[in-house]
Amino acid sequence: MSKLVTIYGGSGFVGRYIARRMAKQGWRVRVAVRRPNEAMFVKPFGAVGQVEPVLCNIRDDASVQSAMDGADAVVNCVGILSERGKNEFNTVQNEGAARIAKLAAAAGIETMVHVSAIGADEDAGSEYAQTKALGEQAVLAHMPNALILRPSVIFGPEDEFFNGFASMSRFGPVLPIVGGATKFQPVYVDDVAKAAVQGILGQASGVYELGGPDVCSLREIVAEMLAEIHQRKLVINLPFFVGRIMAFGFGLMQSVTFGLFYNSILTADQLKQLRNDNVVSADAKGLADLGITPTPTSAILPGYLWRFRPSGQFDAIKDSAKNLNV
């Protein structure tokens, strides 16, 4: 019988790419998620019955244990960018990661891949970065041969980064940002998946920081996005104190509406993260050490940002038509 991998958060942005690649490797894939009915799109990644979504609550021992029964490897892709309800940073990114690693070790599973983030640091000002670091420590305490992946901001068709800024650009002639000078090293989601596959197959372990071929400021990234969607906007880099006011206001709205309004725009914790560059460290192992050539944004963005252009997929045709001699 073929081997089995359980991917916690396997229907999420990164998880679905890992699931697809492991199905191509011939493995059975168990996608552990909170809402299996919303993850049925993963089933066609493989043959009938090869990829199966199952119910799992990462906050519950029995649920996590059940999802990994019979598995040869586990992958943790569960993470949050902001808190909502019971999904708090420490609960998900520290305790959840520790639970998976502890139960996997107890079950005799020898292989684990954990998706963390560049900037993970228990002494950071951001709770997101702190809990990412604590999660890494917990994983390595139970699974010392685990592969820890620390990607910079991840891009791809389902991302919340480029898609988010492109959506914002639809509202008025001005596009406000905070932390315009902060540097990022966007990494393609499928490159992250390729790295994870090496860990599942036992070809890599340790900590790797993953970044693309280009290091750009947030302002430069937004400019690239606007050029790709054929939009001209006035990009204004707001001071951090204005960002704090905005984050407080959005957070207050989420509180007074009891979560009906979900602040996916800017949180106080994200503002703290924006004060630090999000790039691969000079002495860190990266994609090159895994034999993976990083994919530039220019090769991928046209494939999914076209829908934000004034005329969508027909924008280039309309521009070409203007040059016709009648």
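Structural data are supplied above this passage.
Residues numbered from 1 in each chain as written. Predicted model: local features only at pLDDT ≥ 70, side-chain atom pairs only at ≥ 80, totals over all residues. Heavy atoms only, no water.

Colleague: Explanation requested: the overall build of the protein chain in the structure shown.
Modeller: Within the protein chain one finds eleven helices and 13 strands. Taking 326 residues into account, the globule formula puts the C-alpha radius of gyration at 20 Å, and the protein chain, at 21 Å, falls close to it. Considered along the principal axes of its C-alpha atoms, the protein chain spans approximately 70 × 50 × 45 Å. In the protein chain, buried positions account for 50% of the 326 residues. Accessible surface, the protein chain: about 15700 Å² in total, of which carbon and sulfur atoms supply 53%. (Helix = DSSP H or I, 4+ residues; strand = E, 2+ residues; numbered from the N terminus. Rg over C-alpha atoms; globule rule 2.2 N^0.38 Å. Buried < 20%, exposed > 50% of the residue type's maximum accessible area, 1.4 Å probe, protein only. Areas by Shrake-Rupley, 256 points an atom, 1.4 Å probe, with all protein chains shown as cover.)

Colleague: I would appreciate a short explanation of the nonpolar core in the present structure.
Modeller: Formed by 68 residues in total, the largest nonpolar core has its most connected members in Ile18 and Met225. Sorting elements by how many residues they give to this core places helix 6 (residues 189–200) first, with seven residues. Aside from chain neighbours lying at most four places away, what touches methionine 225 is Phe162, Phe165, Ala166, Leu175 and Leu305. (Core = buried A, V, L, I, M, F, W, Y, C linked by side-chain atoms within 4.5 Å. Contact = heavy atoms within 4.5 Å.)

Colleague: Even after reading the chapter, I still don't get the packing of helix 2 (residues 61–68) against helix 3 (residues 89–106), so can you show me in this structure?
Modeller: At a closest axis distance of 10 Å, the pairing of helix 2 and helix 3 adopts a crossing angle of 55°. Judged by the inter-axis angle, helix 2 sits oblique to helix 3. The interaxial crossing formed by helix 2 with helix 3 has right-handed handedness. Note on element contacts: helix 3 touches helix 2 through Arg99, Ile100, Leu103 and Ala104, opposite Asp61, Val64, Gln65 and Met68. Residue composition of the contact of helix 2 with helix 3, grouped by class: five nonpolar, one polar and two charged. (Axes fitted to C-alpha atoms, helices over the stretch in contact; angles between N-to-C directions. Parallel < 35°, antiparallel > 145°, perpendicular 65-115°, else oblique. Left-handed = near helix turned anticlockwise from the far one by under 90°. Nonpolar A, V, L, I, M, F, W, Y, C, P; charged D, E, K, R; others polar.)

Colleague: So what exactly am I meant to see when it comes to a negative patch on the surface here?
Modeller: Together, Glu83, Glu88, Glu95 and Glu127 line one region of the surface with negative charge. Residue placement: glutamate 83 occurs in the loop between strand 4 (73–76) and helix 3. Among the residues examined, glutamate 83 registers a relative accessible area of 31% and is labelled partly exposed. (Patch = residues over 30% accessible without salt bridge, like charges linked within 9 Å, V, L, I, M, F, W, Y side chains within 5 Å. Salt bridge = Lys/Arg side-chain N within 4 Å of Asp/Glu carboxyl O. Lys, Arg positive; Asp, Glu negative; His and termini not counted. Charge placed at Lys NZ, Arg CZ, Asp CG, Glu CD.)

Colleague: Please explain the pattern of salt bridges as it appears in this structure.
Modeller: If the charged atoms of two oppositely charged side chains come close together, the side chains can form a pair. One pass over the structure, following the stated rule, counts seven salt bridges. The shortest N-O distance in the salt bridge between arginine 150 and glutamate 136 comes to 2.7 Å. Here arginine 150 is found in strand 6 (residues 147–151), whereas its partner glutamate 136 is found in helix 4 (residues 127–142), with 14 residues between them in sequence. What makes glutamate 136 buried here is its relative accessible area of 6%. Close ionic contact of glutamate 228 with arginine 309 constitutes a salt bridge, the shortest N to O distance being 2.7 Å. Within this pair, whereas glutamate 228 is found in helix 7 (residues 218–228), its partner arginine 309 is found in the loop between helix 10 (302–305) and helix 11 (315–321), the two being separated by 81 residues in sequence. Residue glutamate 228 is classed as buried on the basis of its relative accessible area of 18%. Using a relative accessible area of 15% as the deciding quantity, one classes arginine 309 as buried. Put simply, Glu136, Arg150 and Glu209 are held in one network by salt bridges that share partners.

Colleague: What is the right way to read helix 4 from this model?
Modeller: Here helix 4 is 16 residues long and its end C-alpha atoms lie 23 Å apart, about the 22 Å a rise of 1.5 Å per residue gives. Of all the positions in helix 4, only Tyr128, Ala129, Thr131, Lys132, Ala133, Gly135, Glu136, Ala138 and Val139 are classed as buried. Here the buried face of helix 4 lies against helix 3, strand 5 (111–115), strand 6 and helix 9 (268–273). A side-chain oxygen of the first residue of helix 4 lies 3.2 Å from the backbone nitrogen of tyrosine 128; this N-cap is serine 126. (Expected span 1.5 Å × (residues − 1). Polar contact = N/O pair within 3.5 Å; in protein donor to acceptor, adjacent residues only side chain to side chain.)

Colleague: Looking at this structure, how should I read the sheet that holds strand 11 (residues 206–210)?
Modeller: Each strand in a sheet pairs with its neighbour through backbone hydrogen bonds, running either in the same direction (parallel) or in the opposite one (antiparallel). Strands sit in the order 3-2-1-4-5-6-11 across an open sheet of seven strands; the sheet is parallel. Two strands close off the open sheet at either side, each with one partner strand: strand 3 (51–55) and strand 11. Taken over all neighbouring pairs, the strand axes of this sheet differ in orientation by 20° on average, direction set aside. Taken together, the three bridges between strand 5 and strand 6 define a ladder with parallel strand orientation. Each residue of the ladder has a partner; that of valine 115, found in strand 6, is leucine 149. Those strands touched by helix 2 are strand 1 (4–8), strand 2 (28–33), strand 3 and strand 4, and its axis lies near 145° from that of strand 1. (Pairing = 2+ DSSP bridges.)

Colleague: Would you mind showing me how to read the state of the cysteines here?
Modeller: Two cysteines form a disulfide when their sulfur atoms are joined by a covalent bond. Throughout the structure, instances matching the rule amount to zero disulfides. Cysteine 56 provides the cysteine sulfur closest to cysteine 77, a residue in no disulfide bond, and the two sulfurs are 13 Å apart. (Disulfide = S-S within 2.5 Å.)

Colleague: Hey, could you run me through the environment of phenylalanine 161 in this one?
Modeller: Along the chain, phenylalanine 161 turns up in the loop between strand 7 (154–155) and helix 5 (162–168). Among residues more than four places away in sequence, those in contact with phenylalanine 161 are Val153, Ile154, Leu218 and Ile221.

Colleague: What is the right way to read a nonpolar patch on the surface from this model?
Modeller: Taken together, the side chains of Phe248, Leu252, Met253 and Val256 define a hydrophobic patch exposed on the protein surface, amounting to about 410 Å² of accessible area. With relative accessibility at 59%, the residue phenylalanine 248 sits in the exposed group.

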